[in-house]
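Fold and contact review
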Amino acid sequence: MALSAAERAMVRALWRKLGDNVGVYATEALERTFLAFPGTKTYFPHLDLSPGSAQVKAHGQKVADALTLAVDQLDDLPGALSFLSDLHAHKLRVDPANFQLLCHCLLVTLARHFPGDFSPAMQASLDKFLSRVTSTLASKYR
Amino acid sequence: MSLTKSERAIIMSIWDKIGMQAEAIGTETLDRLFSSFPQTKTYFPHFDLHPGSPQLRTHGSKVVAAVGDAVKNIDNIASALTKLSELHAYILRVDPVNFKLLSHCLLVTLAARFPSDFTAEVHAAWDKFMSILSSILTEKYR
């Protein structure tokens, strides 16, 4: 399930537009995930999950940084995300279904903020990109 | 899984805006579905699926109209959708997985068209509502 050249170009083009605000959007995606899918909160008993929480913002920034790294290293996601795949496999063990929920919320968030850029083709490219990232994160589970 | 009073109010609050763009929203939703998840096209061998095709527009309108029926009968969605539920169970037999994909694409479409209305609360309420619709449509499968 590799991304075609056109798909990579779309993802990179949108990421350039996101600029320094990837963290803001990732945070919004997390907030939407926690609200729409409360079961996901069980992975964060150690965080203050109330709206506007600084800890959720910090976590959003972490997620953002990982995604930005992935965009930069589309040719070698397993290599670039190796540390994160180990972390998820051996410590976090987030059920992969939850990655779909976060990805859904991230796409909704980006669609809200960049409606003019969010064509069906852009959505499909991003969906495929996120799919590759999440399978990399779950790749060492067993 | 039923809707709380405040969820019902939230769902109905943006319905008017959606209703006014029903055909466009339905068409865009299907466009996004077929772009991101090409396997869903297998249910429509009898259609011209090029973006903007008259058949897509008609079908998109039908889908949004059905959602509208559910909104107008939000206190008893199951009875409003009895015919559709039978249609899906005995004739269409759409694999339930696809309802999630369609719902996701509808929510992305709503987010892109109504960015300031599509708050996290509205998103969560509509996700739950679409989930309820999907279970009703698949409840007679077996």
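Before any of the text, the structure's been laid out above.
Reference entry: report on the structure contained in this document. (Residues numbered from 1 in each chain as written. Chains lettered and ligands numbered in written order. Predicted model: local features only at pLDDT ≥ 70, side-chain atom pairs only at ≥ 80, totals over all residues. Heavy atoms only, no water.)

Counting residues in each nonpolar core, the largest one holds 67 residues, and the members touching the most others are A:Leu126, A:Phe129, B:Ile18, B:Ile77, B:Leu110, B:Trp126 and B:Phe129. Examining the composition of this core, we find that nine residues originate from one element, helix α8 (residues 120-138) of chain B, more than from any other. If we ignore the near neighbours within four places in the chain, the residues touching B:Phe129 are B:Leu3, B:Ile11, B:Val67, B:Ala70, B:Val71, B:Ile74 and B:Ile77. (Core = buried A, V, L, I, M, F, W, Y, C linked by side-chain atoms within 4.5 Å. Buried < 20%, exposed > 50% of the residue type's maximum accessible area, 1.4 Å probe, protein only. Helix = DSSP H or I, 4+ residues; strand = E, 2+ residues; numbered from the N terminus. Contact = heavy atoms within 4.5 Å.)

This part is about the interface of chain A and chain B. The interface of chain A with chain B comprises 17 residues on the first partner and 20 residues on the second. Remark: the boundary between chain A and chain B carries zero salt bridges. Taken together, chain A and chain B are joined by nine residue pairs in polar contact (both at pLDDT 80 or more). Tallying contributions element by element places helix α6 (residues 97-113) of chain A first for the side of chain A that touches chain B, with six residues. Along the lines of polarity and charge, the residues of the side of chain A that touches chain B split into 11 nonpolar, three polar and three charged. (Salt bridge = Lys/Arg side-chain N within 4 Å of Asp/Glu carboxyl O. Polar contact = N/O pair within 3.5 Å; in protein donor to acceptor, adjacent residues only side chain to side chain. Nonpolar A, V, L, I, M, F, W, Y, C, P; charged D, E, K, R; others polar.)

Applying the stated criterion across every chain yields a total of six aromatic pairs over all chains. For the ring pair A:Phe34 and A:Phe44, a centre distance of 5.3 Å and an interplane angle of 70 degrees mean the geometry is edge-to-face. Residue A:Phe34 is located in helix α2 (residues 22-36), and its partner A:Phe44 is located in the loop between α2 and α3 (54-72); the two are separated by 10 residues in the primary sequence. Residue classification places A:Phe34 among the buried residues on the basis of a relative accessible area of 8%. Taking relative accessible area as the criterion, A:Phe44 reaches 15% and is therefore assigned buried. For the ring pair B:Phe34 and B:Phe44, a centre distance of 5.4 Å and an interplane angle of 70 degrees mean the geometry is edge-to-face. Of this pair, B:Phe34 sits in helix α3 (residues 22-36) while B:Phe44 is found in the loop between α3 and α4 (54-72), placing the two residues 10 residues apart along the sequence. (Phe/Tyr/Trp six-rings, centres within 6.5 Å; stacked < 30°, edge-to-face > 60°.)

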